[in-house]
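# Residue-level structure breakdown
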Amino acid sequence: MIRKSTLIFFLLLPLLLPAQSTLQGSVYDRYTGYRLANATLSVKRTTLQTVSDKKGYFILKDIPEGVWILEICRPGYVPLQKEIVIKDEPRLSGGIALMPILVHTHELSVSAAHRYSREPLRSHGATSVYDAARIQAEAPPSVTDALARLPGIWTLRQDGAQATPVIRGMGNDQILTVQDGIRLGPVSFRSPYLHALVDIESLERIEVLRGDGAAGWGSDALGGVIMLQSRQPAFSNDKLRVRGGAQLRYQSGGMEQGFGTNVEVQSPRLAVSAAWGSRRFGNWQAGDGLTQSPAAFSRDNAQIRAKFRLGLRHQLLFSSEQTALANVPAYDRLRYQGFQLARHSLVSRHLSYLRWTAQFKGNWLRELQVTSSWQHYGDNFSSISDSASTIRRDEKLRVQIFGMQALAHSQPNPYWHMVSGAELYQDEVSSEAYLVSGSDLESVRPSLPEAARGSTLALFNMHTFDLLKLHIRAGVRAQVYQYEVREATVETAVLPATVSFSFSGQYPLNRHMHLGASAYHGARPANLYERSGSAWTETGFGTFGDSLRPERSFTTEISLKARTERLRTAVSVYRTALHDQIVWTPGTYEGSPTYQGAPVYVRKNNARANIQGIEAEAEWALSTGFYAYGSLNYTLGFDLRSNDYLSQIPPLNGRAGLRFQSRPGLRGGAEWVFASSQQNISPYDSGNPRIPMGGSSAWNVVNLYVGMDFAAGAVNLSLSNVLDTYYLPLGSALGGQGRTLLASLRIAL
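Residues numbered from 1 in each chain as written. Predicted model: local features only at pLDDT ≥ 70, side-chain atom pairs only at ≥ 80, totals over all residues. Heavy atoms only, no water.

## As for the confidence of the model for the protein
Our working rule: For every residue, the predictor states its confidence as a pLDDT score lying anywhere from 0 to 100. Under the DSSP-based scheme used, a helix requires at least four consecutive residues in state H or I and a strand at least two consecutive residues in state E, with every element numbered from the N terminus. Residue contacts follow a heavy-atom distance rule, with two residues in contact if any of their heavy atoms lie within 4.5 Å.
Of the residues in the protein, 94% reach a pLDDT of 70 or more, and the chain-wide mean stands at 87. The lowest-confidence element of the protein is helix H1 (residues 2–16), averaging 42 in pLDDT; the highest-confidence one is strand E21 (residues 314–329), averaging 97. Within the model, the stretch residues 4–18 combines pLDDT values under 50 with 1 contact to residues more than four positions away or in other chains.

## Remarks on the pattern of salt bridges
Stated formally: When a carboxyl oxygen of Asp or Glu lies within 4 Å of a side-chain nitrogen of Lys or Arg, that pair is called a salt bridge. Working definition: with a 1.4 Å probe on protein chains only, accessible area under 20% of the residue-type maximum means buried, over 50% means exposed, and in between means partly exposed.
Applying the stated criterion across every chain, the model contains 36 salt bridges. Note that Arg205 is salt-bridged to Glu207, the shortest N-O span being 2.8 Å. In this structure Glu207 comes out as buried when scored by relative accessible area, which is 0%. A single network of salt bridges, built from pairs that share partners, joins Arg168, Arg210, Glu557, Arg568, Glu615 and Glu617.

## Focus: unusual backbone geometry
Look at the link from Ser293 to Pro294: it is a cis peptide, with omega at 0°. Locating Pro294 in the fold gives a position in the loop between strand E19 (291–292) and strand E20 (297–309). Of note, Asp180 is a non-glycine position whose phi angle comes to about 55°, a positive value. Inspection of the secondary structure assignment puts Asp180 in the loop between strand E11 (175–179) and strand E12 (182–183). A positive phi angle is found at Asp288, which is not glycine, with a value near 60°. Along the chain, Asp288 falls in the loop between strand E18 (284–285) and E19.

## Some thoughts on the environment of Phe674
Relative to the assigned elements, Phe674 resides in strand E41 (residues 666–675). Take Phe674: its relative accessible area is 15%, and that puts it in the buried class. Separated by 19 residues in the primary sequence, Phe674 and Arg655 place their C-alpha atoms 6.2 Å from one another. Ignoring anything within four residues of it in the chain, the contact list for Phe674 reads Leu632, Asn653, Gly654, Arg655, Trp699 and Asn700.

## Some points on the sheet that holds strand E6 (residues 80–86)
Put simply, the rule reads: Should DSSP find at least two bridges between two strands, the strands are regarded as paired. Here an axis means a line fitted to C-alpha atoms, over the contact stretch when the element is a helix, while the angle between two N-to-C directions is reported on a 0 to 180 degree scale.
An order of E3-E2-E5-E6 is seen for the 4 strands of this open sheet, with the pairing classed as antiparallel. Here the strands that pair on one side only, and so sit at the sheet edges, are strand E3 (49–51) and E6. Taken over all neighbouring pairs, the strand axes of this sheet differ in orientation by 20° on average, direction set aside. As judged from the 7 bridges shared by strand E5 (residues 66–73) and E6, these two strands associate in the antiparallel manner. Each bridged residue has a counterpart across the sheet, and for Gly66 the counterpart in E6 is Ile86.

## Quick notes on the packing of aromatic side chains
The relation between two aromatic rings is expressed through the spacing of the ring centres and the mutual angle of the planes. Here is the rule we go by: Geometry of aromatic contacts follows a simple scheme: Phe, Tyr and Trp rings, the Trp one being its six-membered ring, pair when their centres are within 6.5 Å, and the pair is stacked under 30 degrees between planes, edge-to-face over 60, tilted otherwise.
Per the counting criterion, the structure on display carries 10 aromatic pairs. On the basis of an interplanar angle of 50° and a centroid distance of 6.3 Å, the ring pair of Phe501 and Phe554 is categorised as tilted. Highlighted residues: Phe501 in strand E30 (residues 497–510) and Phe554 in strand E34 (residues 551–563), separated in sequence by 53 residues. Taking relative accessible area as the criterion, Phe501 reaches 35% and is therefore assigned partly exposed. The class for Phe554 is partly exposed, based on a relative accessible area of 34%.

## Things to note about the nonpolar core
Filter applied, for reference: Joining through side-chain atoms within 4.5 Å is the link that ties buried Ala, Val, Leu, Ile, Met, Phe, Trp, Tyr and Cys residues into a set, and such a set is a nonpolar core.
Membership of the largest hydrophobic core comes to 26 residues, with the highest contact counts inside it found for Val143, Leu147, Leu203, Ile206, Val208, Ile226 and Leu228. Of all the elements in the fold, those that place two or more residues in this core are helix H3 (143–148), strand E13 (203–210), strand E14 (224–230), strand E22 (341–359) and strand E28 (470–486). Core analysis: the next-biggest nonpolar cluster, separate from the first, contains 19 residues, Ala161, Phe189, Ala452 and Val485 among them.

See below:
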C-alpha cells in the first residue's frame, strides 16, 4: 500500500507544482538577419538568465507559470523587453529581433537621475552615457579618456596618470564617483588618481549626471555624479559554458603598451569571471612633436567576480578588484613648482564587496539590495622640494574604507516608483612622513594627520510620479558627517549635518519633445585635507583652515529634450549659486606669511559665486549605421565677493563628428574637438604658472578611428590629433595629446 501511494504521489507531483516551461529561440539583427552571440536574456524580477551561443540560440528553462517580462540586452543594440505568458505548455519557441543603435545614446536607458533604469526622454537631468559598445569600438586608454569624450566634461591633466574632470565649473572635490553604487575613495578626501585606478576594460558602462545627484547619491555631489558600472558575469540557464579572451594594445611614440586577459565560466547557478591586465605608459607626446617628461608609469590590475543564484528570486554577488600605479612622476610639481624629485612610487586601490539582491512579488517592496564593502587606498610619495636640496621627504598614506548600504525599490502603482536607502561609510586614515638626509631619518608632520577617522551616515528617499502627461521627481537626503583628528598636537572632532533635496518636472509638448524644469540643493562639508592637511599649490604653500563650514549650492535648470526615430537633441540652461565656498586666501603658517620662500595660503569659506551656462547636444542618424553628432558647452563663473571671475572655468568648447557602422562589423569615424580662447581668468589663475599670461588660446583637433569585428574578436585603430597641433587645455600641466596611433587587438575564445 505504501509503495502504491508513493508511486501515485510522484505521478501527481508535476500537477501539484506550479507549471513551468522552457523558452527557446534565437536572437538576430533586425536589419541584416545575422544571428547574435552573447546576448543576455533575463526574466525580470527573478534570477533566471541565460546567454545566446555563437549561433544566436538560447534556452531558458524552469520558467514558472505566469506573466513575465523578458529583457534582452547586447552591446550596440537597443535593449528590448517582451511580455511572455507561461501556461502549462511544455515548450515555447520563437525568434527575437534586436535593433542596432542608430543614434548612439538616445536609445540607451539611463539610471543615474532616478537610481533605476528609465528611457532618456522621460529621464530627468542632463545625462551622458559611454556604453560597452563604445568601450569596445574606441578602446580608450582610461576612464578619464572616456569621460573627456562625453558632452559637458572638461579634464585637467596634471601628469601621465592624474586627470581631474570638471563638470559645470566644479572639480574633483565637488564631483562624486560611484562604482556599482558604492562611492569610490575615502569620505575624507578625493584622490586625484581615483579614475586612473579603475580599469576601463572591466566596465559595462559609464554614466554621467551633470549638476544634479546630491539627493540621490551624496550631498557632496555639487557638480554631478560619475557612475561606473562593472561588467557582471552571466548565468547560463542550460549548460556549463566557458568564455575567454585577450587584448593587446600599442600606441606610437612609446605612449602605451598593454596586455590583458579574461575568462568567464557560466552555469545555471554559478557564474564567475576573472581578468588581469598590465600596461606600461611612456612619456607624454604632445603636439608639434613635443615630448613632455618625466611622465612614464605602469599600471597593473586584477579582478574576480562571482554570482550565486540562490533561488528564483535571490542572488549573491561577490566582487574583488585591485589596481596599482607604479613610479608615477608628479609632472606638475617638477615642471611648475621647482621640485627636484616628486614621484609616487606606488598608488594602489582595492575594492571588495558582497551584495545580496532579493526580488519580491509585492509592489510596496519589489527589490531589496544589501551591500557590504571594503576599500583600501595607499600612496607612497617621495619628494625634494628645492632643486638645490639633498633632503628627501618620504610620505606614506593608508586609508581603510568600510561601507554598508541598503537600497529598496517600491512601485505601489504603475504611476509611482519609490527608491529608499541608507548608507554608512567609515574611513580609517593613517599617515607618516620622514626627512631623509644621507643615513639620517627625522620624523615630521605628514600632509594629513598621523591618524584620523571620517564617517558619514545618510538616509534618502526618491519618488518618481508619472501623472497623465506630467512626470515629477522629488528626492531628499539627510546626511551626517564626522571627522576625528588624532595626533600629538591636535585632537579635534567635527559633526556637520546636511540636507539635500531635488525637485523636477517634465511635460511633453508633443510626443517627440519634453520640456523640463528642476531645482536642487547640495552641501559639501570640508574634507580632511581642508581641515587638517597641507600641500604645495600652483602659486605657493597651502595649509588647513579652522572652523570651515560646508559649501552649499542651489541650482535651477531648464531643459528641452527632443527625440524622433533618427534625431535626438537636448539643451540645458542652468544657474548655480554657491555659498560659503572654500577657497585659498593669503594667510600665515607658524606665524609667517611665507614658507620656504613661497607665499602661504589658507583655506577659508571666503567666496560666494554664481556659475551659469548652457549645454547643447544633438545626434542625427543619416542612415542605418551612419550618424552625425555634436555638442557645445559654455560656462561662466563669477565670484560675487571679489567681483572677479572664478578660477579655472573652462572656455567655450565642444565637438562634432561622423560615425558609421556596417554589418558584419566595419566601423569608423572622424571627430573635430575645439575650444575657444579664455581670457576670463581669476587673479589666482593669473599667478598660476600652468596658465599662460592673459589666459589660454583657442585650439582645434581632428581625430580619426576605424575598427573591424570578426568571429574571433576585433581590431581597432585610432589616430589622435591628425594635424599634430600643440595646445594646452586651461588648467592642465600637460599639453593635449599629439599625433599618435593607437592599435588594439581583442581576441575572443
